[in-house]
Amino acid sequence: MSAATAWTIPEVRAALDARKISARELVKEFYARIDQRNPELNAYLALSPERAYAQADKIDAAIASGDALPPLAGVPLAVKDVISIRGIPTTCGSRILEGYKPPYDATVVTRLEHSGAIVLGKTNCDEFAMGSSNENSAYGPVRNPVATGRVPGGSSGGSGAAVAAGLAVVALGTDTGGSIRQPGSFCGIPAMMPSYGRVSRYGLIAFASSLDRIGPFARTVRDAATVMSTLAGRDPLDSTSSATPVPDYAAALGRSLTGLRIGIPDDYFAEGLDPEVRRKVEAGIGLLEKLGCRRVSIRMPNTDYAVAAYYIIATAEASSNLARYDGVRYGARVPGGTLIEMYQKTRGRKFGAEVKRRIVLGTYVLSAGYYDAYYLKGQKVRSLIARDFREAFEKVDAIITPTSPVPPFKLGERTSNPLEMYLADIYTVTGSLAGVPGISVPCGKTSEGLPVGLQIYGPAFGEQRVLQLAHAFEHAGGAEL
Amino acid sequence: MKISREDVLKVAALANLELTDAEVETYRGQLDDILTYIEKLNEIDTSNIEPMTQVVAASTDDSTLRDDVVVRSDVITEVLRGAPDPAPLYFRVPRVIEK
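Predicted model, so just to flag it, every value in this text is computed and none were measured.

1. What to know about the overall build of chain B
Per the secondary structure count, chain B includes three helices and two strands. Helices and strands in chain B line up, N terminus first, as α-α-α-β-β. The globule rule puts the C-alpha radius of gyration for 99 residues at 13 Å, and the 23 Å found for chain B is more than 25% above it. Based on the C-alpha atoms only, the size of chain B along its principal axes is roughly 55 × 50 × 25 Å. A burial count over chain B gives 18% of its 99 residues as buried.

Right, here's the structure in full:
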């Protein structure tokens with residue numbers, strides 16, 4: 001990795017301040033590296049050089065005139081292709097949105113650019129963010145830069161790979177059932193899902209509206225905290241965004257962990273957990289204890305039902321959200337004799353296999369005669385899972401779990417059995433259902449050199465505590481366990 | 001067997017989704033596995049549990065609805081440019097009303 005493309009946010013800022021490099025030169029270096037690495041990794045689907053250089057020139061002009069720079073000035077950023085950027089192709093990894101260019105910017109993009117970040121382009125993902133391996137993209141899978149024969153995780157695989165490979169300093173992903181945290185774990189970098197309602201979703205193309213969240217991938221926890229401070233906050237354009245005040249996330253970093261109670265749910269260390277992942281996460285918990293945390297054994301008895309509840313709720317909401325892709329207003333159309341035939345052909349031929357599977361499942365669980373047995377039941381079980389978290393947070397300050405039960409697997413290894421793929425989401429869907437924040441931080445590597453992730457959950461709007469723990473863990477050598 | 005070929009076809013029609021015969025068969029089998037797995041939810045008694053329809057924001061002072069004020073967005077041309085078959089100021093679709 002050439003020096004500049006390996007920088008963190010403070011390193012970018014220091015280099016710009018010292019005039020060691022201009023923002024324009026920095027962008028050029030990143031595009032050169034993307035040209036070199038992207039043909040293999042397939043992390044980016046579209047680049048936005050015009051917009052990037054225009055923003056870089058603005059930063060350079062501010063530097064030249066001695067203006068105070070905003071917190072993300074000159075920081076190269078990648079944006080998952082489910083987030084709208086005006087005039088830049090936005091496909092959601094789907095053929096059905098081929099050629100679509102949004103007429104407006106998502107609030108997160110506006111906020112980050114206002115803070116000085118430079119959007120380099122749009123990153124690959126599972127189609128409509130449905131998947132755990134990035135193999136469901138209509139534009140081909142992303143390769144994991146740590147081990148290119150393996151998946152980067154999903155659905156935000158392109159964002160994880162871009163940051164891990166030095167093709168961006170930070171990236172935005174989205175998380176509905178683990179789609180930020182699991183690729184963060186697989187690519188060996190910190191990746192955070194904020195609380196539900198913490199970050200505006202205006203301009204995010206919806207998958208499951210009661211679950212979807214936007215959050216950062218970064219090289220360090222501090223960088224993730226810096227990005228979070230820009231992302232978080234009330235947006236009048238998103239009625240689900242919260243007015244809860246936004247603390248300075250970086251301010252809590254470095255505080256002592258002494259006396260913090262970390263909950264270890266026995267229910268998460270059960271059947272299906274890879275033995276090497278278990279050993280690393282156990283060592284990670286040991287490291288947190290050394291840093292002064294007190295380990296508390298807790299029960300989260302409804303964990304075993306989370307995947308079933310999640311796949312009912314997420315697919316039901318998806319079947320409704322994806323009804324808008326009908327070949328009329330945007331994207332692709334396949335002609336048909338009647339309006340209905342046109343809908344059916346467009347949707348049947350332009351959606352990929354996983355999206356169609358989920359639309360069929362979601363429509364089924366919502367259909368007459370099955371609504372109570374599946375959808376309503378799923379929502380009731382969701383209440384119980386949220387209660388597990390509420391009760392746990394009466395006893396502990398944070399909950400520690402593995403991020404994924406398995407290390408990154410080989411491309412093509414798991415595509416034949418969708419249920420098996422769904423079951424591996426067990427540790428991440430729980431927090432998605434409950435609405436709480438969670439981060440994945442690197443926690444050593446397997447004997448084959450594959451990254452393991454440790455997940456830290458906090459109570460709703462407890463991002464500060466989650467980041468404080470993750471930062472201390474990282475600084476104590478968590479990645480080298 | 002929880003789900004039949006006819007069930008899949010019925011649901012696909014509800015969702016306006018054209019499926020090939022091979023897809024119908026593949027999805028039938030896979031959905032059968034998934035629905036059988038989901039059955040495990042019946043192990044839990046939820047008779048006194050309220051359904052959770054959304055995550056309630058932690059803050060109670062949210063004014064979740066903004067004022068209803070008309071704002072010009074002026075995006076009609078741009079929006080229509082993205083449509084597969086635009087006609088000036090409209091989206092064109094196959095005929096739905098008989099002469």
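2. Some words on the overall build of chain A
Assigned secondary structure in chain A consists of 15 helices and 11 strands. Its C-alpha atoms give chain A a radius of gyration of 21 Å, within 12% of the compact-globule value 23 Å for 481 residues. Overall, chain A is about 65 × 55 × 45 Å in size when its C-alpha atoms are taken along their principal axes. By residue count, 62% of the 481 residues in chain A fall in the buried class. Across chain A, every contact between residues at least 6 apart in sequence was considered, and the portion connecting residues at least 24 apart equals 76%.

3. Concerning the interface of chain B and chain A
At the junction of the two partners, chain B supplies 46 residues and chain A supplies 59 residues. When contributions to the side of chain B that touches chain A are tallied by element, the ones reaching two or more residues are helix H1 (5-14), helix H2 (21-38) and helix H3 (76-81) of chain B. Of all the elements, H2(B) adds the most residues to the side of chain B that touches chain A, at seven residues. The residue makeup of the side of chain B that touches chain A, split by class, is 29 nonpolar, eight polar and nine charged.

4. A few points about the domain arrangement of chain A
Many descriptions give the size of an interface as the accessible area lost when the pieces come together. Residues and elements named next belong to chain A. Considered domain by domain, chain A is made up of domain 1 (4-249), domain 2 (261-302 + 384-480) and domain 3 (308-372). Placing a centre on the C-alpha atoms of domain 2 and another on those of domain 3 gives a separation of 33 Å. Facing six residues of domain 2, the contacting portion of domain 3 comprises four residues. When contributions to the side of domain 2 that touches domain 3 are tallied by element, the ones reaching two or more residues are helix H13 (418-423) and helix H14 (426-434). The greatest single-element share of the side of domain 2 that touches domain 3, amounting to three residues, is contributed by H14. Each residue belonging to the side of domain 2 that touches domain 3 can be placed in one class, and the counts come to five nonpolar, one polar and no charged.

5. Some points on the pairing of strand S8 (residues 294-298) of chain A
Residue and element names in this part refer to chain A. Here strand S7 (residues 261-265) pairs with S8 via five bridges, running parallel. Bridge pairing in S8 links Ile-262 to Arg-295. For the segment spanning S7, helix H8 (residues 275-290) and S8, crossover handedness is right-handed.

6. Comments concerning H2(B)
An α-helical segment advances 3.6 residues per turn. Residues three or four places apart therefore align on the same side. For H2(B), built from 18 residues, the straight-helix expectation of 26 Å at 1.5 Å per residue is met to within 8% by its first-to-last C-alpha distance of 25 Å. Restricting attention to buried positions, one finds in H2(B) the residues Tyr27(B), Leu31(B), Ile34(B), Leu35(B) and Ile38(B). Across the axial projection of H2(B), the buried residues extend over an arc of 95 degrees, all falling on one side. Exposed residues on H2(B) whose side chains face more than 90 degrees from its buried face are Asp21(B) and Ala22(B). Contacts from the buried residues of H2(B) go to helix H9 (306-321), helix H11 (353-366), helix H12 (371-395) and H13 of chain A together with H1 of chain B.

7. Details of the packing of H11(A) against H1(B)
Here H11(A) crosses H1(B) at 95 degrees, and the two axes come no closer than 9 Å. When the interaxial angle is binned, H11(A) and H1(B) end up roughly perpendicular. Judged by residue contacts, Val360(A), Thr363(A) and Tyr364(A) of H11(A) engage Val8(B), Val11(B), Ala12(B) and Leu14(B) from H1(B). By residue class, the composition of the contact of H11(A) with H1(B) is six nonpolar, one polar and no charged.

8. Some thoughts on the environment of Ser137(A)
Residues and elements named next belong to chain A. As for its placement among the helices and strands, Ser-137 is situated in the loop between strand S3 (118-123) and helix H5 (157-164). Here Ser-137 falls in the buried class, since 27 other C-beta atoms lie within 10 Å of it. Between the C-alpha atoms of Ser-137 and Ile-400, which are 263 residues apart in sequence, the distance is 31 Å. For Ser-137, the contacting residues outside a window of four places in its chain are Gly-93, Asn-124, Cys-125, Asp-126 and Glu-127.

Rules used in this analysis
Residues numbered from 1 in each chain as written. Chains lettered and ligands numbered in written order. Predicted model: local features only at pLDDT ≥ 70, side-chain atom pairs only at ≥ 80, totals over all residues. Helix = DSSP H or I, 4+ residues; strand = E, 2+ residues; numbered from the N terminus. Rg over C-alpha atoms; globule rule 2.2 N^0.38 Å. Buried ≥ 20, exposed ≤ 12 C-beta atoms within 10 Å, placed from the backbone. Contact = placed C-beta atoms within 7 Å. Nonpolar A, V, L, I, M, F, W, Y, C, P; charged D, E, K, R; others polar. Domains from an automatic or database assignment. Pairing = 2+ DSSP bridges. Right-handed = clockwise from strand over helix to strand, strands pointing away. Expected span 1.5 Å × (residues − 1). Arc of directions from axis to C-beta. Axes fitted to C-alpha atoms, helices over the stretch in contact; angles between N-to-C directions. Parallel < 35°, antiparallel > 145°, perpendicular 65-115°, else oblique.

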